[in-house]
Structures are given as structure tokens and as C-alpha cells.
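Structural features, examined
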Amino acid sequence: MPTAVSPVFDSTKVTVIYVLGGPGAGKGTQCSKLVEAYSLCHLSVGDLLREEQNRDGTPYGELIRTCFREGTIVPMEVTLKLLQNAMSAEMKIRSGNGWTDGRGRFLIDGFPRTMDRALKFDEEVCLPSMVIFFTTTEEVMLQRLLERAKISGREDDNMESIMKRFHTHGNQTMPVIQHYRSCGEVTEIDSTASVEEVYREASAAVSKLLHTPVA
Ligand code: UDP
Ligand code: MG
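Residues numbered from 1 in each chain as written. Chains lettered and ligands numbered in written order. Predicted model: local features only at pLDDT ≥ 70, side-chain atom pairs only at ≥ 80, totals over all residues. Heavy atoms only, no water.

A closer look at a nonpolar patch on the surface
A surface patch of nonpolar side chains, about 250 Å² in accessible area, is lined by Leu146, Met159 and Met163. The residue Met163 is located in helix H7 (residues 159-182) in this model. (Patch = residues over 30% accessible without salt bridge, like charges linked within 9 Å, V, L, I, M, F, W, Y side chains within 5 Å. Areas by Shrake-Rupley, 256 points an atom, 1.4 Å probe, with all protein chains shown as cover. Salt bridge = Lys/Arg side-chain N within 4 Å of Asp/Glu carboxyl O. Helix = DSSP H or I, 4+ residues; strand = E, 2+ residues; numbered from the N terminus.)

Re the sheet that holds strand S4 (residues 130-135)
Strand order in this open sheet of five strands is S2-S3-S1-S4-S5, and the pairing throughout is parallel. Every interior strand has two partners, whereas the edge strands, strand S2 (41-44) and strand S5 (186-190), have only one. Between one strand axis and the next, the sheet turns by 20° as a mean value, whatever way the strands run. In this structure, S2 lies alongside strand S3 (residues 104-109), joined through four bridges in parallel fashion. Within S3, the position partnered with Leu43 by the bridge is Ile108. The strands touched by helix H2 (residues 45-54) within the sheet are S2 and S3, with S2 carrying the most contacts at an inclination of about 65°. Packing against the sheet, helix H4 (residues 76-94) makes contact with strand S1 (14-21), S2 and S3, and its axis sits at approximately 145° to S3. (Pairing = 2+ DSSP bridges. Axes fitted to C-alpha atoms, helices over the stretch in contact; angles between N-to-C directions. Contact = heavy atoms within 4.5 Å.)

Section: the pairing of S3
Across the six residues of S3, five count as buried, placing the element largely inside the fold. Both S1 and S3 contribute to a ladder of six bridges, which runs parallel. The partner of Ile17 across the bridge, within S3, is Leu107. (Buried < 20%, exposed > 50% of the residue type's maximum accessible area, 1.4 Å probe, protein only.)

Points about the side chain of Gln30
Inspection of the secondary structure puts Gln30 in helix H1 (residues 27-38). Residue Gln30 is classed as buried on the basis of its relative accessible area of 4%. Only 3.1 Å separates the side chain of Gln30 from the backbone oxygen of Val195, close enough to count as a polar contact. When sequence neighbours within four positions are dropped, the list of residues in contact with Gln30 reads Phe134, Val195, Val198, Tyr199 and Ala202. (Polar contact = N/O pair within 3.5 Å; in protein donor to acceptor, adjacent residues only side chain to side chain.)

Here you go:
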């Protein structure tokens, strides 16, 4: 009889919050604020991939560069491994420092971008506790990305890559959000408003999930 594989992390102890939204919707900005207030670990999968791309000896540099430029999604073996390694490393660093008894709290930003990645993460890494979905119009997102391009140095913050990223988000990531919506796990937040206003809603959702006062 084949034995069922259980996830590496126990979701009754390790809280995983997915943070989704189109490119430029405000995921990174809001995650930085939430991390400070709630002793969470912020893992941006885009940033993990950028680090991997620059790591000496990585076999994935060219692959990641191409996916970024084309706005396509990196194979899940790569992202899942990077995420799991980053989570394990953080669990070690923080044990005895607030995250006792195998407990951990993660904000996973920009993942899962496809349904198969969502299912694989459920099965092999950890079940998520909540999905925060930041939503605004493509006009607003485009404006923010073009503004960010002036200082970000990101090779995918150019008009052509941005259009491709919007397309990938609409076609491949929106079904993930629909899926979690049907499970009642999505907190949808209109991120058109100011950073402070959006944060008020985001922090209310996190406080409710963690049963802690709003910070
Ligand atoms: N990416 C990916 N898988 C992920 C997350 C990101 O392949 O799970 C790649 C994808 O090519 C994407 C790029 O990383 O366009 C940048 O992602 P990031 O989350 O940094 O962009 P954002 O959505 O925050 O603008
Ligand atoms: Mg980001």
C-alpha cells in the first residue's frame, strides 16, 4: 500500500498566509508593514528567485532570467524547493525566540501563481490558513510599476514584461484565487487606496486570523 506523503510543516502549528495580487498591487509594501507588526516572516518568492539567479553555481540563472523577462512562471520544482528551504532556515533561526514548539508564521508573497503549485504546496509543504488578495485596476498597477521602475532596477519592470505579467496573472493566477474563494479562505482588499488605508484592512484580517490585537 502506498503511504500518503504528509506535508513537511504541520498547519496547526505553522501559519501560512498567501499574499496574492497582480504585479504592482502592493503585496511587497503591505507585507513589509505586516512583518514588523506581527512577528511574521516575509518570503517573497520573486525575491527568492532573484537571489537564486545571482547565486554562484546555480544551474537556474538563465531559466529564471528568461521567465522574468517573459513574465512566465518558473518550474515548480525550483520555487517549492526555495520556499521550503527558506521556511526551514527561518524555523531554525527563530526557535526559542518567540516561535516555540515548532510554531511559525509566514507571509508568502507572490505564490502560488498556478493551481498545480497550490496543490503541490498543500501536499508537500504546508496547508495555508488564509489568502490575502490585493486588487486594483491595471491602470493603477501599471502606473505604480512604471514609477517603481525608476528605482527598482528590476529587469521585468518595463512595459513589455509588465503586459506579459498582467496576462499571466489573469490567466494562471486568477484561477488560484477563485479556488480559494470557493473554499472561503480569501480576504479581498481593494488596494487602490493609500498605503495606510490598505494596511488598516490587511492588519485587521491578520489580527483576526492570529487572534491578536490589531497592530
Ligand atoms: N515568479 C515565479 N513563480 C513564483 C513567483 C514569481 O515564477 O511563484 C517569477 C515570475 O516570472 C514573476 C517574477 O518572478 O513575473 C517576479 O515576481 P514578483 O513576485 O517579484 O513580482 P510582483 O508580482 O511582486 O511584481
Ligand atoms: Mg513583489
